[in-house]
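Residue-level structural notes
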Amino acid sequence: MRATSESPDPAVPAIAAAGIRKDYGDRAALRGVDLSIGWGEIAVLFGANGAGKTTLLRILAGLTRADDGTVHLAGRPMHRRGGRARRLVGFAGHQTLLYNDLTCRENLEFYAKLYGISGAKDRIEQVLAQMNLSDRANRRVRTLSHGMQKRLSMARAILHQPVVLLLDEPESGLDAESVATLGDLLRDWAGSGRTALLTTHSADVGLAWADRTLTLSNGRIEADAVAGSPITAGAAAPQ
Amino acid sequence: MELLRGALTVAWKDVRLELRSREVIASALVFGLIVVVVFNFGLNRSPGSLEPVAPGLLWVAYAFIGVLAMNRAFTRELENGGMDGLLLAPVSRDAVFLGKMLGSLAFMLVIEAILLPVFAVMLDLPTLSPALGLVILLATVGFATVGTFFSGIAVQTRSREILLPILFFPVVVPVIIAAVEASALALQSGPMTGVWTRWLPLLIVFDALYLVICPWIFGYVFEG
């Protein structure tokens, strides 16, 4: 496993969630989600609109508080004050979490300082190159296309070399070349023993990337299958 | 040390963004100038007539400018989900709060420093004193602390522009009263004993209270 500032214990799952419940008013978004994902796995979470995929990812990232249940990333609790465990997570969601009036490099410098990354300058150049954005490094974010902003958001998510990557529909808005680049990145990611959990509406992309597929329906994980094997009987098909 | 590093990183980011866009300072300055002009024409300006009300007018204007500036400070975090970015980082919520507060404090002090001479001329304020500078600094710390806290809460609602002043003004009333009273004493030609013995200590006490309570509650509000 690639060394990070917080070396995780390989004996514990990368992601372990138990009994996650979340209600929005009268509507139950998650009704007791149990999840365990090991190191080096790319797990793809499928589900219809409103199935609770984004809510689940946000709870795992520590951005939304679950009404009940526990979340551990690399054995560290995220359901209580995440604190240092947040260093283990990289998150890219629907929003880029970038500042439009800063350049690509300045955005990454800001996050590098927040995460206390040593050797930040080199690391920033590395992730910019990885996302094919080196030639746009000094351009303000507002001048970039949606796809480029999305790639920069990915660069931000992996900047601090987290061991768990949570991606919410990472392929949406990307052209074919960028989707392929992202696929390569995820394969390298899993190859180095790290873990990724992502959601997607694209069955083609999801199944191509996944080591494991999960289907969220009615607020629960209704199907859990190793990629290439038949989906658990009675489970909803990926949407 | 980590708290300070995180706070300064967030504050510097806000300053950098403001230097690029000049949204907060420009709009607050224009608003401040309009307020001064309206006061200037709206009040009877016979010699000495403005002296009793000038400190009140000054702080009414500063309070409204503060609300305008602080509202914008957090709205910026909504643009692309920047607040999530701050909350994902392994820095304490206190550091995030302190960083946003320091950013707002810097903007407000700049705006106040630019507008003060304009107020002095337009409202016939007597000689400006170092004591007034200290009053402005301490009162602005209180404004920025409470304002940052409520701005962080209000920004998550749809009616944020309305909600911020409704939440902000009742809580910050002690600071406004102390600031007005201290400014009145600081601007007069007589002894300023009351500034040092009563109003400045009161401002310091409220600043300290706000600086302890606001980050503490902010941490709970933004904990997922």
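Look up: the structure comes first, before these words.
In what follows, the accompanying structure is described.

The rules behind these values
- Numbers given to residues run from 1 along each chain, matching the order in which its sequence is written.
- Chains carry letters and ligands carry numbers; both start at the beginning, A for chains and 1 for ligands, and go up in the order they are written.
- Per-residue local features of the predicted model are confined to residues with pLDDT of at least 70, and side-chain atom pairs are confined, for both listing and counting, to 80 or more; whole-chain, interface and lining totals are unaffected and use all residues.
- Side-chain figures throughout are based on the complete set of non-hydrogen atoms in the structure, without hydrogens or water.
- For patch detection, residues must exceed 30% relative accessible area and be free of salt bridges, and they are connected within 9 Å for like charges or within 5 Å for nonpolar side chains (Val, Leu, Ile, Met, Phe, Trp, Tyr).
- Surface exposure here means Shrake-Rupley accessible area, sampled with a 1.4 Å probe, where a residue is shielded only by the protein chains that are shown.
- The term salt bridge refers to a pairing of a side-chain nitrogen on Lys or Arg with a carboxyl oxygen on Asp or Glu at a separation within 4 Å.
- The convention is simple: Lys and Arg are positive, Asp and Glu are negative, and His and the chain ends are not counted.
- All charge positions are set by atom: Lys at NZ, Arg at CZ, Asp at CG, Glu at CD.
- Numbering goes from the N terminus for both helices and strands, where a helix is a DSSP run of H or I of at least four residues and a strand is a run of E of at least two.
- Three labels apply to residues, based on accessible area from a 1.4 Å probe with only protein chains included: buried if under 20% of the type maximum, exposed if over 50%, partly exposed otherwise in between.
- Only heavy atoms matter for contacts: two residues are in contact if any of them lie within 4.5 Å across the pair.
- Note: buried area is the sum, over both parts, of the accessible area (probe 1.4 Å) each one loses when the two are combined.
- Pairing of N or O atoms within 3.5 Å defines a polar contact, subject to two protein rules: one partner must be a possible hydrogen donor and the other a possible acceptor, and residues neighboring in sequence count only if both atoms are side-chain atoms.
- Aromatic pairing here means that ring centres of Phe, Tyr or Trp (its six-membered ring) are within 6.5 Å. Orientation follows from the plane angle: under 30 degrees is stacked, over 60 is edge-to-face, and everything else is tilted.
- Strand pairing is defined by DSSP finding a minimum of two bridges between the two strands.
- Interaxial angles span 0 to 180 degrees and are taken between N-to-C directions of axes, which are lines fitted to C-alpha atoms, for helices over the stretch in contact.
- Among buried residues, those of type Ala, Val, Leu, Ile, Met, Phe, Trp, Tyr and Cys that are joined through side-chain atoms within 4.5 Å constitute a nonpolar core.
- Each residue after the first adds 1.5 Å to the expected span of a helix.

What follows concerns a positive patch on the surface. Residues and elements named next belong to chain A. On the surface, Arg21, Arg27, Arg31 and Arg220 cluster together to form a positively charged patch. As for its placement among the helices and strands, Arg220 is situated in strand β10 (residues 220-226). Judged by relative accessible area, Arg220 falls into the partly exposed class, the value being 40%.

Once that is clear, we can look at the interface of chain A and chain B. Contacts between chain A and chain B engage 30 residues on the former and 29 residues on the latter. Together chain A and chain B conceal approximately 2,900 Å² of surface at their shared face, both sides included; 52% is due to carbon and sulfur atoms. Remark: the boundary between chain A and chain B carries 3 salt bridges. With a shortest N-O distance of 2.7 Å, B:Arg20 and A:Glu106 are connected by a salt bridge. Between the two partners, chain A and chain B, sit 14 residue pairs in polar contact (both at pLDDT 80 or more). Elements that contribute at least two residues to the side of chain A that touches chain B include exactly α1 (53-61) and α2 (104-114) of chain A. Among the elements that make up the side of chain A that touches chain B, the one with the highest residue count is α2(A) (6 residues).

A word on unusual backbone geometry. All names here are of chain A. One non-glycine residue, Leu97, lies in the positive phi region at around 60 degrees. Locating Leu97 in the fold gives a position in the loop between β6 (89-92) and α2. Residue Leu97 is classed as buried on the basis of its relative accessible area of 2%. Phi at Asn218 takes a positive value of approximately 55 degrees, unusual for a residue other than glycine. With relative accessibility at 53%, the residue Asn218 sits in the exposed group.

Take the packing of aromatic side chains next. Per the counting criterion, the structure on display carries 13 aromatic pairs over all chains. Relative to A:Phe110, the ring of A:Tyr99 has its centre 5.7 Å away and its plane inclined at 80 degrees; by these criteria the two rings are edge-to-face. Here the residue A:Tyr99 occupies a position in the loop between β6 and α2, and A:Phe110 occupies one in helix α2, the gap between them amounting to 11 residues. Ring centres of B:Phe143 and B:Phe168 lie 5.8 Å apart, and the angle between their planes is 75 degrees; on these two criteria the pair is classed as edge-to-face. Here B:Phe143, found in helix α6 (residues 130-154), pairs with B:Phe168, found in helix α7 (residues 160-187); they are 25 residues apart in sequence, far enough to count as distant. With a relative accessible area of 0%, B:Phe143 lands in the buried category.

Attention now goes to the sheet that holds strand β9 (residues 212-217) of chain A. Residue and element names in this part refer to chain A. Within the open sheet, the 6 strands sit side by side as β6-β7-β8-β3-β9-β10. Their pairing is mixed. Of all strands in the sheet, those bounded by a partner on one side alone are β6 and β10. Averaged over all adjacent pairs, the angle separating strand axes in this sheet is 15 degrees, with direction ignored. In terms of strand pairing, strand β3 (residues 42-46) meets strand β8 (residues 195-199) through 4 bridges, oriented parallel. Its bridge partner being in β8, Leu45 is matched across the sheet by Thr199. The strands touched by α1 within the sheet are β3, β6, β7 (164-168), β8 and β9, with β7 carrying the most contacts at an inclination of about 150 degrees.

A word on the side chain of B:Ser151. Relative to the helices and strands, B:Ser151 resides in helix α6. Once you skip the residues sitting within four places of it in the chain, B:Ser151 turns out to touch B:Met70, B:Asn71, B:Phe74 and B:Leu164.

Once that is clear, we can look at the sheet that holds strand β4 (residues 68-73) of chain A. Residue and element names in this part refer to chain A. Pairing is antiparallel across the open sheet formed by 4 strands, whose spatial order is β2-β1-β4-β5. Looking at the sheet topology across the chains shown, the edges are occupied by β2 (27-37) and β5 (76-77). In the sheet, β4 pairs with β5 via 2 bridges, with the strands oriented antiparallel. For Leu73, the partnering residue across the bridge sits in β5 and is Arg76.

A few words now on the nonpolar core. Counting 149 residues, the largest nonpolar core has A:Ile15, A:Leu152, A:Leu166 and A:Leu197 as the members making the most contacts within it. No other element matches the 13 residues that α6(B) contributes to this core. Ignoring sequence-local partners within four residues, the contact set of A:Leu197 consists of A:Ile15, A:Leu35, A:Ile37, A:Ala43, A:Leu45, A:Leu57, A:Leu60, A:Leu165, A:Leu166, A:Leu167 and A:Leu214.

A word on the environment of B:Ser183. Residues and elements named next belong to chain B. The topology assignment puts Ser183 in helix α7. Along the primary structure Ser183 and Ser129 are separated by 54 residues, whereas in three dimensions their C-alpha atoms are 9.6 Å apart. Residues contacting Ser183, with those up to four places away along its chain left out, are Pro55, Trp59, Leu132 and Val135. Among the polar contacts listed, one links the side chain of Ser183 to the backbone oxygen of Ala179, at a separation of 2.6 Å.

So, on to the environment of B:Val173. Mapped onto the elements, B:Val173 comes out in helix α7. Linking B:Val173 and B:Phe143, residues 30 residues apart in sequence, is a C-alpha distance of 9.8 Å.

Two side chains of opposite charge can pair, provided their charged atoms sit close to one another. Scanning the model with the defined rule gives 17 salt bridges over all chains in all. The shortest N-O distance in the salt bridge between A:Asp101 and A:Arg140 comes to 3.7 Å. With A:Asp101 in the loop between β6 and α2 and A:Arg140 in the loop between α3 (120-130) and α4 (146-158), the pair connects residues that are 39 residues apart, well separated along the chain. Under the relative-accessibility criterion, A:Asp101 is labelled buried at 10%. Between B:Arg76 and B:Glu23 there is a salt bridge, and its shortest N-O distance comes to 3.8 Å. On the criterion of sequence distance, the pair formed by B:Arg76 in helix α3 (residues 54-78) and B:Glu23 in helix α2 (residues 23-42) is long-range, its members being 53 residues apart. Here the residues in one salt-bridge network are B:Lys13, B:Asp14, B:Glu77 and B:Lys100, joined through shared partners.

Further remarks concern α4(A). All names here are of chain A. Here α4 contains 13 residues, and its C-alpha end-to-end distance of 19 Å stays within 8% of the 18 Å for a straight helix at 1.5 Å per residue. The buried count for α4 comes to 12 of 13 residues, which makes it a mostly enclosed element. Among the structural elements, β6, α2, α3, β7 and α5 (176-191) are those in contact with the buried residues of α4.

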